[in-house]
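# Coordinate inspection notes
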Amino acid sequence: MGIRDRLSRLLTEAPADAEAIEYEGEWWTWGQIQETARGVVKALDAVGLPAGGRVGVVLENRPEHVAVVAAVIASGRCLVMLSPLQPAARLAADIDRCAPPVVVAGAEVLARAGVLSTVTAHGAALEVGTDGTVRHPGGTVSPGAPAAGADVVVEMLTSGTTGPPKRVHLRVAQLDQALVSGGQTAKKARLLSRSASLVATPLVHIGGLWRALACLATGRRMVLMPRFAVEPWVGAVERHGLRAASLVPAAIRAVLDAGVPKERLTSLQVVTSGTAPCPAELADAFFRAYGLPVLMTYGATEFAGAVVGWTLPLHERWWERKAGSAGRAFAGVELRVTGEDGAELPVGRSGRLEVRTEQSTLGGRDWTRTSDLARIDADRFVWIEGRADDAIIRGGFKVQPETVQRALETHPAVREAAVAGLPDPRLGEVPVAAVEVEPGLPVPDTAELVALCRARLTPYEVPAHIVVVDALPRTPSSKVSRVELLDLVRARLAQQERGRRIKEEQR
């Protein structure tokens, strides 16, 4: 049974009074989910969108939006992800660029300046209410509107940490492998489960969507948070006695900073962490505080989830020797490291990580060359060492942002650093950095940080500018946004230039 069949069964056979999604203290039943899904399919049929048609969904962390996702996929149509987290002008531009013939969104999103007019310029708009009702505020589907590929089920946004988000086409076979065939539904005969899973990351990104679909694929009840916040997250763990939960590195740090009492997390046996590398020292701090191992995973949108990670047995045996590794390849996943010429490198050599799996957009026969630099040691543990496409070329010299980041984070007052390449008319690019300071410690001045870098890095690796901030800019999935980091540095440089001019005028 594939994911489409699984969702179809849930939307027709799940008991109407069974709890489906807890949201802000209230339960949506399967009856409510089914009624919303029927309304969506009826509206799509009414505007003339056939099976295989593309449906743009401005996807918010709300129960009715989960119902929309289930309806679109189960009906054989393609889900085109649109982020509600971007400003109105950017959302309108995104809709204009990908031009889905139907866009489904909440009333607040459609009321934003320019959004509804952009939708109706390309096709039909459908508004889904917070009560699950569906209405058609305008627009029509043009005859012969391009359909998705025959096996494309989701057009998924990447995280957009290094530039504008890209769209990746996920095939139904990928989701079947990741969510059904890959072991997510071991008890296939059982339609629903009384166990619960927490979804606290944005549904519009692969981590949130994967967790929501995993809940549906296994029939588990879903605890859906509008966004991550420490107290609601802890409350959900306590209320449902959760044995496992997921936290991105920034959220792990937030739980530690909040000083959450250990007894409030006693039900947990493990915490998983993905979306961004989790520093070994952060995982160790969480283990010391709560006795909970943090199991890191590595994946990408192109793989519809994780392909490498830690398990509890691996953690018990190897953590002291392999802390900082991304873990080992999961079942059904092959890995290799290659050089710039594409030739496979020996064990322990660093190069470009390549993956072969049925979860890939290329299928299980071809190798997918990632943008990640990695090495695989003799014990088959994977060590992610940076991203090839993040390399900063400064006057012909290559600078890896992670190298500079690690140097800055050796300063005792620096909690976390981020580095990006700033365009430079003479050198092409120069590295710039922002650092987030540990609470309660003296704020280091930039001269001190520059001196630290000069002591630890080659001259061309030293950042041209360093900005000290209270909090690093982040994407909705809690990764550091290098796009916003560059905006922040530019704003600081402009401020300094204005100050310099004022001083000159006062002389």
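Residues numbered from 1 in each chain as written. Predicted model: local features only at pLDDT ≥ 70, side-chain atom pairs only at ≥ 80, totals over all residues. Heavy atoms only, no water.

Okay, the environment of Val 172 next. Within the fold, Val 172 resides in helix H7 (residues 172–181). Considered as a pair, Val 172 and Val 154 are 18 residues apart in the sequence and their alpha carbons are 8.1 Å apart. The residues touching Val 172, leaving out its near neighbours within four places in the chain, are Ile 3, Arg 4, Asp 151 and Val 153. (Helix = DSSP H or I, 4+ residues; strand = E, 2+ residues; numbered from the N terminus. Contact = heavy atoms within 4.5 Å.)

A word on the pattern of salt bridges. Evaluation of the coordinates by the stated rule reveals 29 salt bridges. Residues Asp 379 and Lys 322 are paired through a salt bridge, measuring 2.9 Å at the closest nitrogen-oxygen approach. Residue Asp 379 is found in the loop between strand S19 (368–376) and strand S20 (382–387), and its partner Lys 322 is found in helix H12 (residues 312–322); the two are separated by 57 residues along the sequence. Taking the relative accessible area as the measure of exposure, Asp 379 reaches 28% and is therefore partly exposed. Between Arg 500 and Glu 504 there is a salt bridge; the shortest N-O distance is 2.5 Å. Taken together, the residues Arg 500 and Glu 504, both in helix H15 (residues 482–506) and four residues apart, mark about one turn of the helix. On the basis of relative accessibility, which here comes to 38%, the residue Arg 500 falls in the partly exposed class. Among the charged side chains, a salt-bridge network with shared partners connects Asp 257, Arg 415, Glu 416, Glu 436, Glu 438 and Arg 474. (Salt bridge = Lys/Arg side-chain N within 4 Å of Asp/Glu carboxyl O. Buried < 20%, exposed > 50% of the residue type's maximum accessible area, 1.4 Å probe, protein only.)

Within the secondary structure layout, Arg 221 lies in strand S11 (residues 221–224). Every residue in contact with Arg 221, bar those within four places of it in the chain, is listed here: Glu 19, Ala 20, Trp 27, Ser 193, Arg 194, Ser 195, Ala 196, Ser 197, Cys 215 and His 240.

Turning our attention to the sheet that holds S11. Ordered in space as S2-S1-S11-S10, the four strands form an open sheet in which the pairing is mixed. A strand with exactly one partner marks an edge of an open sheet, and here the two such strands are strand S2 (26–29) and strand S10 (196–199). Strand-to-strand twist of the sheet, defined as the mean angle between neighbouring strand axes without regard to direction, takes the value 25 degrees. As paired strands, strand S1 (residues 19–23) and S11 are joined by three bridges and run parallel to one another. Within S11, the position partnered with Ile 21 by the bridge is Met 222. (Pairing = 2+ DSSP bridges. Axes fitted to C-alpha atoms, helices over the stretch in contact; angles between N-to-C directions.)

Attention now moves to unusual backbone geometry. In terms of backbone geometry, most residues other than glycine have negative phi values and most peptide bonds are trans. Phi at Ala 99 takes a positive value of approximately 45 degrees, unusual for a residue other than glycine. Considering the arrangement of structural elements, one finds Ala 99 in the loop between helix H4 (88–98) and strand S5 (102–105). A positive phi angle is found at Arg 380, which is not glycine, with a value near 70 degrees. Relative to the helices and strands, Arg 380 resides in the loop between S19 and S20.

The tendency in soluble globular proteins is for nonpolar side chains to be buried side by side. In terms of nonpolar packing, the biggest core is built from 63 residues, with Trp 30, Met 81, Val 102, Val 154, Leu 179, Leu 216 and Met 222 touching the most fellow members. Ignoring any residue separated from it by four or fewer positions in sequence, one finds Leu 216 in contact with Arg 6, Leu 7, Leu 10, Trp 30, Val 66, Ala 70 and Met 222. Counting residues in hydrophobic clusters, the runner-up holds 37 residues, among them Leu 198, Val 223, Ala 236 and Cys 278. (Core = buried A, V, L, I, M, F, W, Y, C linked by side-chain atoms within 4.5 Å.)

Pairing within the open sheet is mixed, and its seven strands lie in the order S7-S6-S5-S3-S4-S8-S9. The two strands at the open ends of the sheet, each matched to only one other strand, are strand S7 (134–138) and strand S9 (167–171). Each strand axis lies, on average, 25 degrees off the axis of its neighbour in the sheet, ignoring direction. Each of strand S3 (54–58), strand S4 (78–82), S5 and S9 is contacted by H4, which is oriented at about 150 degrees to S4, the strand it contacts most.

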